[in-house]
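# Analysis of the macromolecular model
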Amino acid sequence: MELSKKEKLLAFGAGLYLLGLELNSCRAELEQLLEQGASLVSPEVRKKNEAFNQMSLQFTQMEEEYLKLKEELLSCDL
């Protein structure tokens, strides 16, 4: 069964919310590492930064899809 556009929009919104929580958690962990004196080039910081960058890219892509779908739904309602 295929989801309707409204259901897809809700699913994207929920996914964005959850990914945003993960992104903020990852950012906080990265900040904590740096506050504890970890070097910017340490393997731990580099690994955490790469994870943050990947999540950030995923969030941006999901957000673009969400906004595109939202615009489609709004144009249909007019």
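Predicted model, so just to flag it, every value in this text is computed and none were measured. (Residues numbered from 1 in each chain as written. Predicted model: local features only at pLDDT ≥ 70, side-chain atom pairs only at ≥ 80, totals over all residues. Heavy atoms only, no water.)

## Quick look at the overall build of the protein chain
- Summing up its helical and strand segments, the protein chain has two helices and zero strands in all.
- For 78 residues, the compact-globule estimate of 2.2 N^0.38 gives 12 Å, and the C-alpha radius of gyration of the protein chain, at 17 Å, exceeds that figure by more than 25%.
- Seen through its principal axes, the protein chain has C-alpha atoms that stretch 55 × 20 × 20 Å.
- The buried share of the protein chain, reckoned over its 78 residues, is 19%.
- Sequence-distant contacts, at least 24 apart, represent 70% of the contacts inside the protein chain between residues at least 6 apart.
- For the protein chain, the accessible area works out to roughly 6100 Å², and carbon and sulfur atoms hold 56% of it.
- Charged side chains of the protein chain number 9 positive and 14 negative; the gap between the two group centres comes to 2 Å. (Helix = DSSP H or I, 4+ residues; strand = E, 2+ residues; numbered from the N terminus. Rg over C-alpha atoms; globule rule 2.2 N^0.38 Å. Buried < 20%, exposed > 50% of the residue type's maximum accessible area, 1.4 Å probe, protein only. Contact = heavy atoms within 4.5 Å. Areas by Shrake-Rupley, 256 points an atom, 1.4 Å probe, with all protein chains shown as cover. Lys, Arg positive; Asp, Glu negative; His and termini not counted. Charge placed at Lys NZ, Arg CZ, Asp CG, Glu CD.)

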